[in-house]
Amino acid sequence: MKVKKYIAPNMPEAMKKIRKDLGKEAVILNSKIIYTGGFFGLFRKKNIEVIAALDNDMVQPSQKEKIDFSRVETNSEMKQKDMQSPQPVQNKTGENKEMILKEIHDVKQLIKQITSQGHSSSVHIPSPYREIYQKLLSQNISETILQQLTEDIYEHYYSKKEQVDKDNAYDFIVQSLVEYIKPLEFGEAPQKKYIAVIGPTGVGKTTTLAKIASIKSIEQKKKVAFITTDTYRIAAVEQLKTYAKILNVPIEVCYNLNDFKQAVEKFTAFDHVFIDTAGRNFRNKKHIEDLKKTIDFHTEMETYLVFSLTAKEEDLEMIYQQFSNIPIDKLIFTKLDETSCCGSLLNLSYKYHKPIAFITTGQDVPDDIIVATQHTIINQIVGETKND
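Residues numbered from 1 in each chain as written. Predicted model: local features only at pLDDT ≥ 70, side-chain atom pairs only at ≥ 80, totals over all residues. Heavy atoms only, no water.

Engineer: Please give an account of the overall build of the chain that cites residues and values.
Structural biologist: Of the regular secondary structure elements, the chain holds 13 helices and eleven strands. In the chain, which comprises 388 residues, the proportion classed as buried is 50%. Here the analysis covers contacts within the chain between residues at least 6 apart in sequence; of these, 75% occur between residues at least 24 apart. Put simply, the chain shows about 19600 Å² of open surface, and 50% of that area lies on carbon and sulfur atoms. (Helix = DSSP H or I, 4+ residues; strand = E, 2+ residues; numbered from the N terminus. Buried < 20%, exposed > 50% of the residue type's maximum accessible area, 1.4 Å probe, protein only. Contact = heavy atoms within 4.5 Å. Areas by Shrake-Rupley, 256 points an atom, 1.4 Å probe, with all protein chains shown as cover.)

This is the structure in structure tokens:
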């Protein structure tokens, strides 16, 4: 496979260069607008960059088919068309297999080049996968995941003897995404005695804690208690006291580490003790360190970092970094009902190798909470129905 990059002032000029250099059998793999030259950001020239390829091994000398440059077509699609038309009988099957493997390798290298530059798009994806891939782009799936997925798509497409349709493509992408996070233990309910929720202000920690406690108390008939260290907001203490009254469970308010230790000792006979923490400015490291001065994060504690899906992913990553000096067992995402973009569910779990325990979908207690699994996460991103 011969792959070259061309820069021209417009697409017709780029096409002339490609036809002259690679011939009419060339295919376009990617194109984008770029700006060159200029002085201190001024007087820059607008050009178009086109990546084209020619598969010398697969093009038959008798082929006179003209390429339609009005649509972007991947090399894999060109190959599929060739496979459907009558071809000379190939006796050297070993050479054919080696040729195909080499082509897959070349395509993978090209994909890495394109995605490493931060220009992921669906134009270079084989058409059966393109619609669902475009949905992943709209959900802001990370470049790292998209690069891996793109390589897997090409390998799957070339290895299939029969033609891949949209249903096959949907199943393959869903299963691939599930496999990426399969090693993580999603959806397991709290196992340890002490359960703490941490995170920035305004993400819904107190309400989420009450929902999980309700599951343990009402559904599983466990003996539970509350501890709150969120003494910075009077409303937070009163809110948790209200939930404690509804569930008919005890609650202790702690102002320092000594108070916390006394509360822990008081609740020795309980199955689970749920600990609410103050939501502080995550940009201030001192506020994060204050948590350690109030709570003893020991081995018998399970800690959940709570994110809001309405936040920017850059902020979510900063939140994780700031709280990472505290042992984090699992993630919780809130406010699914307030956004249509769920890519952060997959991105953060994959990047930090942390499973997601729950997703909340509203304010109602004990309702509006989903136990997370790999499939529920992916379904939130790509949808639960296949393309028609």
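Read on, since the account is not over.
Engineer: Pulling in residues and values, what's your account of the confidence of the model for the chain?
Structural biologist: Scored by pLDDT, the chain has a mean of 80; 77% of the residues are at 70 or more. Overall, residues 58–79 carries pLDDT values under 50, and its contacts beyond four positions in sequence, including any with other chains, amount to 56 contacts. (pLDDT = per-residue confidence, 0-100.)

Engineer: Give me the lowdown on the sheet that holds strand E11 (residues 369–371), citing residues and values where you can.
Structural biologist: With mixed pairing, eight strands are arranged side by side in an open sheet as E6-E5-E7-E4-E8-E9-E10-E11. One side of each edge strand has no neighbouring strand; the edge strands of this open sheet are strand E6 (251–253) and E11. Taking the axes of each pair of neighbouring strands and ignoring which way they run, one obtains an average angle of 20° across the sheet. As judged from the four bridges shared by strand E4 (residues 194–198) and strand E7 (residues 272–276), these two strands associate in the parallel manner. Within E7, the residue paired with Val 197 across the bridge is Asp 276. Strands E4, strand E5 (224–228), E6, E7 and strand E8 (301–308) of the sheet are contacted by helix H9 (residues 257–266), whose axis makes an angle of about 175° with E5. (Pairing = 2+ DSSP bridges. Axes fitted to C-alpha atoms, helices over the stretch in contact; angles between N-to-C directions.)

Engineer: Let's hear about the packing of aromatic side chains: which residues, and what values?
Structural biologist: Scanning all chains against the criterion turns up seven aromatic pairs. Seen from their ring centres, Tyr 129 and Phe 172 are 6.4 Å apart, and the 80° between their planes marks the pair as edge-to-face. Of the two residues, Tyr 129 sits in helix H4 (residues 127–138) while Phe 172 sits in helix H6 (residues 166–181), which places them 43 residues apart along the sequence. Phe 172 matches Tyr 129 in its accessibility class, with the two residues each being buried. By the ring-pair criterion, three or more aromatic residues cluster together here, those being Tyr 129, Tyr 157 and Phe 172. (Phe/Tyr/Trp six-rings, centres within 6.5 Å; stacked < 30°, edge-to-face > 60°.)

Engineer: Account for helix H10 (residues 285–294), with residues named and values stated.
Structural biologist: Among the residues of H10, His 287, Ile 288, Asp 290, Leu 291 and Thr 294 are the ones counted as buried. Summarising the axial view, the buried residues of H10 lie within an arc of 145°, below the 170-degree limit, and thus occupy one face. Residues of H10 that are exposed and point more than 90 degrees away from the buried face comprise Lys 285, Lys 286 and Lys 293. (Arc of directions from axis to C-beta.)

Engineer: How would you explain the packing of H6 against helix H12 (residues 343–352) if you had to name every residue and give the values?
Structural biologist: Direction vectors running N to C along H6 and H12 enclose 40°, while the axes themselves pass 9 Å from each other. With respect to their mutual orientation, H6 and H12 come out oblique. Of the residues in H12, those in contact with Leu 177, Tyr 180 and Ile 181 of H6 are Leu 346, Ser 349 and Tyr 350. In terms of residue class, the contact of H6 with H12 is made up of five nonpolar, one polar and no charged. (Parallel < 35°, antiparallel > 145°, perpendicular 65-115°, else oblique. Nonpolar A, V, L, I, M, F, W, Y, C, P; charged D, E, K, R; others polar.)

Engineer: Please set out unusual backbone geometry residue by residue, giving values where relevant.
Structural biologist: Following Val 365, the chain continues into Pro 366 via a peptide bond in cis, with omega recorded as 10°. Looking at the element boundaries, Pro 366 is found in the loop between strand E10 (356–360) and E11. Even without being a glycine, Asn 140 presents a positive backbone phi close to 60°. Mapped onto the fold, Asn 140 is located in the loop between H4 and helix H5 (143–159). Classification of Asn 140 as partly exposed rests on a relative accessible area of 49%. Here the phi dihedral of Lys 335 falls at roughly 65°; this positive angle occurs in a residue that is not glycine. Following the sequence through the fold, Lys 335 ends up in the loop between strand E9 (330–334) and H12.

Engineer: Let's hear about the packing of helix H11 (residues 313–323) against H12: which residues, and what values?
Structural biologist: In the contact formed by H11 and H12, the axes pass within 11 Å of each other and the chain directions differ by 35°. The two elements H11 and H12 cross, and the hand of that crossing is right-handed. Of the residues in H12, those touching H11 at Glu 313, Leu 316, Glu 317, Tyr 320 and Gln 321 are Gly 343, Ser 344, Asn 347, Leu 348, Lys 351 and Tyr 352. When the residues that make up the contact of H11 with H12 are grouped by side-chain class, the tally is four nonpolar, four polar and three charged. (Left-handed = near helix turned anticlockwise from the far one by under 90°.)

Engineer: Now, about H5: what can you tell me, with residues and values included?
Structural biologist: Along an α-helix, a turn takes 3.6 residues, which lines up residues three or four apart on a common side. For H5, which comprises 17 residues, the first-to-last C-alpha distance of 24 Å matches the rise-based estimate of 24 Å (1.5 Å per residue) to within 8%. Where H5 is concerned, the buried positions are Ile 145, Leu 146, Leu 149, Thr 150, Glu 151, Asp 152, Ile 153, Tyr 154, His 156, Tyr 157 and Tyr 158. (Expected span 1.5 Å × (residues − 1).)

Engineer: Requested: an account of the pairing of E8, with residues and values cited.
Structural biologist: Burial analysis of E8 places eight of its eight residues in the buried class, which makes it a mostly covered element. Here E8 shows a buried face lined by Met 301, Thr 303, Leu 305 and Phe 307 and a second buried face lined by Glu 302, Tyr 304, Val 306 and Ser 308. Here E4 pairs with E8 via five bridges, running parallel. Bridge assignment links Tyr 194 to a residue of E8, and that residue is Met 301. When E8 meets E9, the two strands line up parallel, connected through five bridges. Paired with Ser 308 across the strands is Thr 334, a residue of E9. Taken together, E8, H11 and E9 constitute a β-α-β crossover, and its handedness is right-handed. (Right-handed = clockwise from strand over helix to strand, strands pointing away.)

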